[in-house]
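Each chain, written out:
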Amino acid sequence: VRTLEEHGGNSNSNFVKDSWLVRQVCYEVLISTDQWCPNAHELAIICNIPIDDDENDLPEVAHQRHMQSLVNGDDMDESDGGNLAPVPMGAIAILDKIHGTPLSRQAFTASVLRRILPINAVMDHTVNRAIENDATAFGGIRSGLRSAIGRRDTTNTVAISSVGEVLHDPTALGMGGVGKTTLAAMVVARADVRKYFSDGVAWVRIGSRSKQEFSYSFYVSCLQEICRQLPFLNEVPLFAELLHTPGEKPSVRKRREQGFLTYARDTVSDLLHMRHVLIVLDDVFWADDLQWFQFHSRRSGSKQENHSTTLLVTTRSRDLLSAAETVEVDLLDEADAILLLVSESGQPSNHVMASSMEARAVVRECANHPLAVKSVGRWLSLKHATAGIISSVE
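Notes on the structure in this doc start here.

The rules we used
Residues numbered from 1 in each chain as written. Predicted model: local features only at pLDDT ≥ 70, side-chain atom pairs only at ≥ 80, totals over all residues. Heavy atoms only, no water. Axes fitted to C-alpha atoms, helices over the stretch in contact; angles between N-to-C directions. Helix = DSSP H or I, 4+ residues; strand = E, 2+ residues; numbered from the N terminus. Parallel < 35°, antiparallel > 145°, perpendicular 65-115°, else oblique. Contact = heavy atoms within 4.5 Å. Nonpolar A, V, L, I, M, F, W, Y, C, P; charged D, E, K, R; others polar. Buried < 20%, exposed > 50% of the residue type's maximum accessible area, 1.4 Å probe, protein only. Phe/Tyr/Trp six-rings, centres within 6.5 Å; stacked < 30°, edge-to-face > 60°. Expected span 1.5 Å × (residues − 1). Pairing = 2+ DSSP bridges. Core = buried A, V, L, I, M, F, W, Y, C linked by side-chain atoms within 4.5 Å.

1. Here's the deal with the packing of helix H14 (residues 334-344) against helix H15 (residues 357-365)
Part 1 of the reasoning: Where H14 meets H15, the closest approach of the two axes is 9 Å, and the angle between their N-to-C directions is 105°. As far as their axial angle goes, H15 and H14 are roughly perpendicular. Contacts from Glu-334, Ala-337, Ile-338 and Leu-341 in H14 reach Ala-359, Arg-360, Val-362, Val-363 and Arg-364 in H15.
Part 2 of the reasoning: A breakdown of the residues in the contact of H14 with H15 according to their chemical character gives six nonpolar, no polar and three charged.

2. A look at the environment of Asp-124
Part 1 of the reasoning: By the secondary structure assignment, Asp-124 is in the loop between helix H6 (106-116) and helix H7 (125-137).
Part 2 of the reasoning: Overall, Asp-124 belongs to the partly exposed group, its relative accessible area being 31%.
Part 3 of the reasoning: Put simply, Asp-124 and Asp-192 are 68 residues apart on the chain and 8.4 Å apart in space, counted from C-alpha to C-alpha.
Part 4 of the reasoning: Dropping the residues within four chain positions of it, Asp-124 is found in contact with Arg-190 and Asp-192.

3. A few points about the packing of aromatic side chains
Part 1 of the reasoning: One pass over the full model with this rule turns up nine aromatic pairs.
Part 2 of the reasoning: Ring geometry for Phe-214 and Phe-218: centres 5.6 Å apart, planes at 75°, overall edge-to-face.
Part 3 of the reasoning: A relative accessible area of 8% places Phe-214 in the buried class.
Part 4 of the reasoning: Relative to Phe-260, the ring of Tyr-216 lies with its centre 5.5 Å away and its plane at 80°, an arrangement referred to as edge-to-face. Of this pair, Tyr-216 sits in helix H11 (residues 216-228) while Phe-260 sits in helix H12 (residues 250-271), and the two are 44 residues apart along the sequence.
Part 5 of the reasoning: Using a relative accessible area of 6% as the deciding quantity, one classes Tyr-216 as buried.
Part 6 of the reasoning: Judged by its relative accessible area of 23%, Phe-260 falls in the partly exposed class.

4. Here's the deal with H12
Part 1 of the reasoning: Across its 22 residues, H12 extends 32 Å between first and last C-alpha, which sits within 8% of the 32 Å expected from 1.5 Å per residue.
Part 2 of the reasoning: Inspection of H12 places Glu-257, Leu-261, Ala-264, Arg-265, Asp-266, Thr-267, Val-268, Ser-269 and Asp-270 among the buried residues, and these make up the whole buried set.
Part 3 of the reasoning: Check the buried side of H12 and you find it contacts H11.

5. Topic: the pairing of strand E3 (residues 276-282)
Part 1 of the reasoning: The element E3 is extensively covered by neighbouring structure, given that six of its seven residues are classed as buried.
Part 2 of the reasoning: Inspection of the sheet shows E3 paired to strand E4 (residues 308-314) by six bridges, in the parallel sense. Its bridge partner being in E4, Val-277 is matched across the sheet by Thr-309.

6. Looking at the nonpolar core
Part 1 of the reasoning: Among the nonpolar cores identified, the biggest contains 37 residues, and Leu-117 and Leu-312 are the most heavily contacted of them.
Part 2 of the reasoning: In terms of residues, this core owes the most to one element, helix H9 (residues 180-189), which gives seven residues.
Part 3 of the reasoning: Ignoring any residue separated from it by four or fewer positions in sequence, one finds Leu-117 in contact with Val-122, Asp-192, Val-193, Tyr-196 and Phe-197.
Part 4 of the reasoning: Within the second largest apolar cluster, 34 residues are counted, among which are Ile-226, Phe-295, Leu-311 and Leu-321.

7. Some thoughts on unusual backbone geometry
Part 1 of the reasoning: Positive phi, close to 60°, is recorded for His-168, a residue that is not glycine.
Part 2 of the reasoning: Mapped onto the secondary structure, His-168 falls in the loop between strand E1 (155-162) and H9.
Part 3 of the reasoning: The exposure class of His-168 is exposed, given its relative accessible area of 76%.

In structure tokens form, the structure reads like this:
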């Protein structure tokens, strides 16, 4: 476009108008996809799009600044000596796909925090009240069990699941796309969570796989990924290699592999001894997979209350853990669905769309499902760029 402008574009008003439209379309297409968009502000400069002072209020600009502060660690409190664990890159990659400010989803956030943090470790007073309400609603089952035995488990495991795909069917899988992984990313990005788990926060994607696919090599790769994200480890430990033995019976190899798996888990358990670490396992399906991330120290005389390894698991398997250890994410309410629609379409929260009947009709057609609302919002973002100002508002 710039080359064509240099060869007579300035003398043709229609061409100037068309090239401006092309730049706008390119800009919106890149913003509306998750493939490549390093920085919305720099992208506007590349596309030669004027940036108004009001553009600082746009959701994408505010979001880019927030994400950059997480990557740079600018949110670390100097009064705490900067003693916050860094946000894992897996969580940053999830949050970076959001346009504007993420929905707070305070009730679900409070339910997760109540299960992974002591009440006095939560910095947000609003969330604290939500935690108290959540504990009252559920009778404080999990907290009561802990106080009865006088200590925390060596590995505290909490699952984030979702409402069932089939109504009133307890065996149905949880619904996909309702924000389980996004909720986990928002939780681990919180300063109070990273302050409590100051020794490190790790993020590993397990993925829905068959039981047979959970091999020793895959497990070792997961453990290495965890260790690489823990700042107190200077180097990733070496794990033994499981060699193929010709003529070995499958049952014998299976027992030998179990031994290797156990030894690898014990190695990491010793590294996590006396550490406050949070490990996020994204998209777990089988309970048998989860057991290999239950890290119990083998050291004699260890005080278990000081060994605080916590697992935060996202899963569509609603019975992976007990009800007391599971937070079930529901669909959005209408207000949040409209807010998500406006945000994903690239408009500020006070845009006229937010109070329109059309927006309410759109989110109802999407059944308040976050992924459906997000998809429509991204489509609207592109339509705003191609339809013109008046048509876009209409």
